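# Summary of the model geometry
Spelled out from the first residue to the last, the chains are:
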Amino acid sequence: MSIEAAIPSALKRPIHATVNLLNRWWRLLQFAVLMLSLALSPASYAGANRNLLARHIVRDTAPNLAWYGVLSALVSLVLIRIVVVTSQSYGLSRFALEMVVRVLVLELIPLTAAAFVALRTTLPAGLEFSQGRNNADNTSDDELHQEFFPRVAAGVFAVWMLAAVSCVMTLILAYLSLYGFTPWALPGYTRVVGQVFNPAVALILMLKIVFFSFAVGLIPMASSYYFGASYRAKVTHGLYDMVRLFAVMLLIEIASLMGNYY
């Protein structure tokens, strides 16, 4: 009888954990739908709300763009040089450009741009904002329009901007590293890049950046929306947000790899 009585108690913990996990993901989905409804509402872009939105977008994008642009350029130059030298040593110079585009532009830059915005902006801002909230049960419409939506939209836009600028900058650096300051290699360069960016690959890249941006913008602020009042709980939830965010980003990256190479 003791074994039979122990079986239900042993199952309680995984069942409870599973229910809590599903409840958190359901709350995240509800928050995403709420933010989408605000994004489609004209009131979110009118009057003072428009000024708040613009202020958050500039504040979250401009510093990140400067720092990430410099770091991305340095890392891109190093990786481009490694790929070029390695391909030349194996007699595969004609594949160097395609390897650079696939490794950097398609895979590394979107992932690092999203991680950079998350670690530098959205995760700290979400935790800081949640600490200033006294009651998470009563959220007014003004707070949704003036506090939550601008922060979510700024995080999403920052990922878009960083990824777009870094992709263009990497393509320019790849051309200069391979061919130098000459316009005569431009037709062959554009032909190779166009072959890599076929419609399916371009669509997958765009969707990956969009889903990365949604994860980076929504997950930290969803916790602030549903939070309690204890500081310890908020810190614990902040660590959980980091794990959940990077788990989502890993799943998105795996899905994009399967779409590109399978």
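Residues numbered from 1 in each chain as written. Predicted model: local features only at pLDDT ≥ 70, side-chain atom pairs only at ≥ 80, totals over all residues. Heavy atoms only, no water.

An unreviewed UniProt entry lists the protein under the name ABC transporter permease, with Duganella violaceipulchra given as the organism.

### Here's the deal with the side chain of Asn260
Its location among the elements puts Asn260 in helix H7 (residues 231-261). Those residues in contact with Asn260 that lie beyond four places of it in its chain are Glu107, Val201 and Ile204. (Helix = DSSP H or I, 4+ residues; strand = E, 2+ residues; numbered from the N terminus. Contact = heavy atoms within 4.5 Å.)

### Some words on the side chain of Thr121
For Thr121, the location among the structural elements is in helix H3 (residues 96-131). What makes Thr121 buried here is its relative accessible area of 10%. Of the polar contacts made by the side chain of Thr121, one reaches the side chain of Asn64; its length is 2.8 Å. Leave out the neighbours within four places in its chain, and Thr121 touches Asp60, Asn64 and Phe116. (Buried < 20%, exposed > 50% of the residue type's maximum accessible area, 1.4 Å probe, protein only. Polar contact = N/O pair within 3.5 Å; in protein donor to acceptor, adjacent residues only side chain to side chain.)

### Side note on the packing of aromatic side chains
Evaluated as defined, the whole model comprises six aromatic pairs. Measuring from ring centre to ring centre gives 5.9 Å for Tyr45 and Phe149, while their planes differ by 85°; the resulting arrangement is edge-to-face. Of the two residues, Tyr45 sits in the loop between helix H1 (2-39) and helix H2 (48-89) while Phe149 sits in helix H4 (residues 141-179), which places them 104 residues apart along the sequence. With centroids separated by 5.3 Å and ring planes inclined at 50°, the aromatic side chains of Tyr175 and Tyr179 adopt a geometry described as tilted. One end of the pair is Tyr175 and the other is Tyr179, both in helix H4 and four residues apart, which spans about a single turn. Overall, Tyr175 belongs to the buried group, its relative accessible area being 10%. Among the aromatic residues, those joined into a ring-pair cluster are Tyr175, Tyr179 and Tyr189. Above the ring of Trp25, the side-chain terminus of Arg244 is found at 5.4 Å from the ring centroid. (Phe/Tyr/Trp six-rings, centres within 6.5 Å; stacked < 30°, edge-to-face > 60°. Lys NZ or Arg CZ within 6 Å of the ring centre and 35° of its normal.)

### Regarding the pattern of salt bridges
Oppositely charged side chains may form a pair once their charged atoms are brought near each other. Enumeration according to the criterion identifies six salt bridges in this entry. We note a salt bridge from Arg102 to Glu98, for which the minimum N-O separation is 3.3 Å. Placement of both Arg102 and Glu98 in helix H3 is noted, with a separation of four residues, approximately one turn of the helix. Judged by its relative accessible area of 29%, Glu98 is partly exposed. (Salt bridge = Lys/Arg side-chain N within 4 Å of Asp/Glu carboxyl O.)

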